[in-house]
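Below, each chain spelled out in residue letters.
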Amino acid sequence: MPVANRGIAFAVAALAAGPAFAADLAPPPPLGPAVSGYLNSYVGVGIFDGSGDSVDLNSDWSLLFGNYGAISIPLGSNLSIQQDVSYEYGTQATSNDDDDRSDLFLYSGQIGTHLTFREVSQGLIGGFGGFGMANGDSSSASYVFAGGEAMGYFDAFNLYAQAGWFDSESNDAGYDLGLNNAWFARGVARWFIIPESRLQGEFSWASGDYGYLEDTANVLEWGVRYDWLWSDVPVVGSLVGAMPIYIAYRGNYAEGDYDDSEVWSNTFMIGTTYRFGGPNLKEFERVGAPLDLPNIGRWVAAGTILDPGASPTVPDDPFDPDIPG
């Protein structure tokens, strides 16, 4: 073949192959939501303190155990539904001594559903709702909740916000002991130091009514958590391989109008979270089940702990419609 013809043939071949080479070099298109889920189990130690005439802590610490499970199912290329189930209980909940259970959080459990619209390269927006039951100071209350949420993805960071309302009804009193008719807000920041390592910080606020006189109570909660893969687990490392593990701290403060009562708690936890549906922790947040529920059970229980437990005064006019009954 003449040299000129060879040059023409080479140029045609290069033009034909160009789009294929460009396609090889271009980043892959973002994935959509995947069927995914996680199971989180933990153990911790809670340290409690309080003050006020209606708060009488006979125990100032408790072991705490909990589990949190979730599964997310895509409903098309952008919509997802996620189902959550969780519970937490303290060792004082199993005691037969009422003094051991006095003015302490004992247990809570809740079920919730999230419905979200997600763009895996940017974030998601949606709503959630559910129900649960909580017990503090040997008094239980059932509750319902609903709210909205949004999450933004910023390279190595995720920002997560929730806000909404919850209400509770006492299961063992003629009036609402637990925190009820309440509003709440929660903010979470997550930093992926590497794709399999995450540092998380969060802060929550809730405010509502509690007790016979429908006083106002406010709850503040804050926490920090660090997740990583432990590659060389002692004893069982060769059997289980890398083990997902985390350490966490959670602080909680509740104060009520009645006799200026207040309760503090500081909880230190260690746990493990097993996930499926994403190649690593960072990608799991984009395509998997990245959502969770606020700690509403503990907030409801704060009302039962702060409440004086009975009508502090006898109303002058029992037929007065402005006096709660």
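Please refer to the structure placed before this passage.
Presented here is an overview of the structure given in this document.

Definitions and limits used
Residue indices begin from 1 for each chain and proceed along its sequence in written order. At least 70 in pLDDT is required for a residue's local features to be given in this predicted model, at least 80 for side-chain atom pairs to be given and counted, and no such filter applies to totals for whole chains, interfaces and linings, which use all residues. Only hydrogens and water are removed before side-chain values are computed, so all heavy atoms of the structure are retained for them. At least two DSSP bridges between two strands are required for those strands to pair. The helix count covers DSSP runs of H or I at least four residues long, the strand count covers runs of E at least two residues long, and both are numbered beginning at the N terminus. For helices, the fitted line uses only the C-alpha atoms of the stretch in contact; every axis is such a line through C-alpha atoms, and the angle between N-to-C directions lies from 0 to 180 degrees. Only heavy atoms enter the contact rule, under which two residues are in contact if any of them lie within 4.5 Å. Under the pairing criterion, centres of Phe, Tyr and Trp rings, with the six-membered ring standing for Trp, must be within 6.5 Å; the plane angle then separates stacked pairs below 30 degrees from edge-to-face pairs above 60, leaving the rest tilted. Note on classification: 1.4 Å probe, protein chains only; a residue is buried when its accessible area is under 20% of the maximum for its type, exposed when over 50%, partly exposed between these limits. In this scheme, Lys NZ or Arg CZ marks a charge over a ring once it lies within 6 Å of the ring centre and within 35 degrees of the ring normal. Salt bridge, as used here, is a side-chain nitrogen of Lys or Arg placed within 4 Å of a carboxyl oxygen of Asp or Glu.

**Digging into the sheet that holds strand E4 (residues 105-119)**
Then, in step 1: The 12 strands are arranged E1-E2-E3-E4-E5-E6-E7-E8-E9-E10-E11-E12 in a closed barrel whose pairing can be described as antiparallel. For this sheet the average axis-to-axis angle between neighbouring strands, irrespective of direction, equals 15°.
Then, in step 2: Sheet analysis places strand E1 (residues 36-51) next to strand E12 (residues 262-276), joined by 15 bridges and oriented antiparallel. For valine 43, the partnering residue across the bridge sits in E12 and is isoleucine 270.
Then, in step 3: Contacts between helix H4 (residues 296-306) and the sheet are confined to E1, strand E2 (61-74), strand E3 (79-90), E4, strand E5 (123-136), strand E6 (139-154), strand E7 (157-170), strand E8 (180-194), strand E9 (197-210), strand E10 (215-230), strand E11 (243-256) and E12, with E5 contributing the most and set at about 35° to the helix.

**Considering the pairing of E10**
Then, in step 1: Pairing of E9 with E10 involves 13 bridges; the strand directions are antiparallel. If you follow tryptophan 205 over to E10, its bridge partner there is leucine 220.
Then, in step 2: Between E9 and E10, which pair antiparallel and follow one another directly, the connecting turn spans four residues, one of which, glycine 211, has a positive phi of 80°.
Then, in step 3: Taken together, the 14 bridges between E10 and E11 define a ladder with antiparallel strand orientation. Residue pairing in the sheet places glycine 223 in a bridge with arginine 250 of E11.

**Regarding the packing of aromatic side chains**
Then, in step 1: This structure, assessed with the given rule, holds 15 aromatic pairs.
Then, in step 2: Plain terms: the ring middles of phenylalanine 166 and phenylalanine 184 are 6.1 Å apart, the flat faces sit at 35° to each other, and that makes the pair tilted. Of this pair, phenylalanine 166 sits in strand E7 while phenylalanine 184 sits in strand E8, and the two are 18 residues apart along the sequence.
Then, in step 3: Residue phenylalanine 184 is classed as buried on the basis of its relative accessible area, which comes to 3%.
Then, in step 4: Between tyrosine 249 and phenylalanine 268, the aromatic rings sit 5.3 Å apart at their centres with planes inclined by 40°, giving tilted as the arrangement. A residue pair is termed long-range when its members are at least 10 positions apart, and tyrosine 249 in strand E11 and phenylalanine 268 in strand E12 qualify at 19 residues.
Then, in step 5: The positively charged end of arginine 275 is found above the aromatic ring belonging to phenylalanine 284, 5.9 Å away from the centroid.

**Looking at unusual backbone geometry**
Then, in step 1: If you check the backbone angles, glutamate 214 has positive phi at about 55° while not being a glycine.
Then, in step 2: As for its position among the elements, glutamate 214 is in the loop between E9 and E10.
Then, in step 3: A relative accessible area of 49% means that glutamate 214 is categorised as partly exposed.
Then, in step 4: Not every positive phi belongs to a glycine, and aspartate 260 is a case in point at roughly 55°.
Then, in step 5: Its relative accessible area of 61% is what places aspartate 260 among the exposed residues.

**Structural notes on the pattern of salt bridges**
Then, in step 1: Applying the stated rule across the entire model yields 11 salt bridges.
Then, in step 2: For glutamate 88, the salt bridge is made with arginine 250, and the minimal N-O distance between the two is 3.1 Å. Of this pair, glutamate 88 sits in strand E3 while arginine 250 sits in strand E11; the two residues are 162 residues apart in sequence, bridging distant segments of the chain. Each of the two residues, glutamate 88 as well as arginine 250, counts as buried.
Then, in step 3: Between glutamate 88 and arginine 298 there is a salt bridge whose closest N-O contact spans 2.9 Å. One end of the pair, glutamate 88, is in strand E3; the other, arginine 298, is in helix H4, with 210 residues separating them in the sequence.
Then, in step 4: Ionic contacts of the salt-bridge type, sharing partners, join the residues Arg186, Arg190, Arg198, Glu202, Arg225, Asp227, Arg275, Glu285 and Asp292 into one network.

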